[in-house]
Amino acid sequence: MQGMGEARDDLRQATTAAHRRLDENPLVAGLAAGTLSEADYARMLSAYLAFYQAWEEQMKANFPDLVELAGPERFLKTHWLLKDLTALGSPADPRISGSPATPSNRARAAGSLYVVEGSTIGGMHLSRSGKLPAHAHRFFEGYGAETMPKWKALIELLEALLPDEESRREAAEEASATFAWFQHRLAQIASACFRGAED
Ligand code: HEM
């Protein structure tokens with residue numbers, strides 16, 4: 001789905017390589033292949049929890065207009081993660097906590113929102129693959145059949161919010177920083193899970 005608009009094109013271009021690198025992380029690759037143990041899956045979800053818990057709070061506190069415009073239902077994924085972690089009998093692992101930094105303006109907040117919402121596309125594919133633990137995949141199920149319509153609506157909003165080069169540059173920087181957060185955190189966890197497999 002290319003050519004949805006300049007903002008999306010810039011964001012996508014800035015982060016395609018980062019997405020590819022993330023796909024190579026042993027946890028992400030194991031998740032896609034259906035080879036991840038439940039314990040490692042739970043560790044991965046607790047890293048997601050550290051991100052979403054902080055990020056959703058920050059967005060609601062600092063960018064309430066953006067939350068309203070995008071739809072507050074996009075900012076409730078912490079509940080899904082807690083549900084899955086509870087089903088796995090695995091409370092969040094405090095050793096892998098660590099919050100992302102708050103975006104410093106609305107264009108940057110929009111850039112992080114692009115990444116968070118884009119990742120629901122991956123989640124949709126994963127949950128359809130049947131390779132996730134059946135009792136604990138609420139988070140990756142995301143919006144289910146609504147995923148692509150919601151993605152299209154989000155892109156339309158981003159095009160309106162990022163009308164000029166400067167705002168698109170800031171958003172792209174923040175999107176890259178958001179990918180970097182996941183890259184770093186998941187690499188840390190992977191090296192603990194698969195000792196020596198990841199630097
Ligand atoms: C196993 C995990 C994942 C799989 C299988 C996956 C797969 C995909 C697929 C198939 C797309 C659609 C690509 C296209 O339209 O050409 C996509 C888009 C996207 N994913 Fe992932 N993904 C995964 C994890 C993630 C994660 C962890 C993030 C970020 C934290 C992420 C961020 C994005 C973004 C931002 C897009 C939108 C790119 C665009 O503008 O089209 N994904 N993903």
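Residues numbered from 1 in each chain as written. Predicted model: local features only at pLDDT ≥ 70, side-chain atom pairs only at ≥ 80, totals over all residues.

Assigned secondary structure in the chain consists of 9 helices and 0 strands. Relative to the compact-globule value of 16 Å for 199 residues, the chain shows a C-alpha radius of gyration of 16 Å, a close match. Put simply, the chain has 199 residues, and 39% of those count as buried. Long-range pairs, those at least 24 residues apart, make up 80% of the contacts in the chain between residues at least 6 apart in sequence. (Helix = DSSP H or I, 4+ residues; strand = E, 2+ residues; numbered from the N terminus. Rg over C-alpha atoms; globule rule 2.2 N^0.38 Å. Buried ≥ 20, exposed ≤ 12 C-beta atoms within 10 Å, placed from the backbone. Contact = placed C-beta atoms within 7 Å.)

All right, on to helix 5 (residues 77-87) then. The periodicity of an α-helix, 3.6 residues per turn, causes residues three or four positions apart to be oriented the same way. Within the sequence span of helix 5, burial applies to Lys77, Trp80, Leu81, Asp84 and Leu85. Around the axis of helix 5, the buried residues are gathered within 130° of arc, so they sit on the same side. More than 90 degrees from the buried face of helix 5, the exposed residues found are His79 and Thr86. On its buried face, helix 5 sits against helix 3 (38-62) and helix 7 (138-141). Once helix 5 finishes, glycine 89 follows within two positions and takes phi at roughly 65°, a positive value. (Arc of directions from axis to C-beta.)

To continue, consider the site of the ligand. Inspection of the region around the ligand gives 19 residues, with Arg12, Gly118, Ser119, Ile121 and Gly122 positioned closest. The greatest single-element share of the shell around the ligand, amounting to 8 residues, is contributed by helix 6 (residues 106-129). In terms of residue class, the shell around the ligand is built from 11 nonpolar, 6 polar and 2 charged. (Near = placed C-beta within 6 Å. Nonpolar A, V, L, I, M, F, W, Y, C, P; charged D, E, K, R; others polar.)

Before going further, it helps to spend a moment on the nonpolar core. Judged by nonpolar contacts, the single largest core of 50 residues is most densely connected at Met44, Leu45, Tyr48, Ala110 and Ala171. Mapped onto this core, the elements with two or more residues apiece are helix 1 (6-23), helix 2 (26-33), helix 3, helix 5, helix 6, helix 7, helix 8 (147-161) and helix 9 (165-193). No other element matches helix 3, which puts 12 residues into this core. Excluding its chain neighbours within four sequence positions, the residues that come into contact with alanine 110 are Leu66, Leu158, Leu161, Leu162 and Ala171. (Core = buried A, V, L, I, M, F, W, Y, C linked by C-beta atoms within 7 Å.)

For the rest of this paragraph, the subject is the environment of phenylalanine 140. Positionally, phenylalanine 140 belongs in helix 7. A residue is classified by how many C-beta atoms lie within 10 Å of it, and phenylalanine 140, with 23 of them, is buried. With near-sequence residues (within four places) excluded, phenylalanine 140 lies in contact with Gly123, Leu126, Ser127 and Leu132.

Viewed as axis vectors pointing N to C, helix 6 and helix 9 meet at an angle of 45°, and their least axial separation amounts to 7 Å. Comparing the axis directions of helix 6 and helix 9 gives the class oblique. The element helix 6 and its partner helix 9 pack so that their crossing is right-handed. Of helix 9, the residues touching helix 6 (which contributes Ala107, Arg108, Ala110, Gly111, Ser112, Tyr114 and Val115) are Ser167, Glu170, Ala171, Ala172, Glu173, Glu174, Ala175, Thr178 and Phe179. Here the contact of helix 6 with helix 9 is built from residues that sort into 8 nonpolar, 4 polar and 4 charged. (Axes fitted to C-alpha atoms, helices over the stretch in contact; angles between N-to-C directions. Parallel < 35°, antiparallel > 145°, perpendicular 65-115°, else oblique. Left-handed = near helix turned anticlockwise from the far one by under 90°.)

A few words now on the environment of alanine 32. Position of alanine 32 among the secondary structure elements: in helix 2. Among the residues examined, alanine 32 registers 15 C-beta atoms within 10 Å and is labelled partly exposed.

Further remarks concern the packing of helix 3 against helix 9. Relative orientation of the contacting elements helix 3 and helix 9 amounts to 150°, with a least axis distance of 10 Å. Put simply, helix 3 runs roughly antiparallel to helix 9. Note on packing geometry: the crossing formed by helix 3 with helix 9 is right-handed. Residue-level contacts link Asp40, Arg43, Met44, Ala47 and Phe51 of helix 3 to Trp181, Arg185, Leu186, Ile189 and Cys193 of helix 9. Partitioning the contact of helix 3 with helix 9 into residue classes produces 7 nonpolar, no polar and 3 charged.

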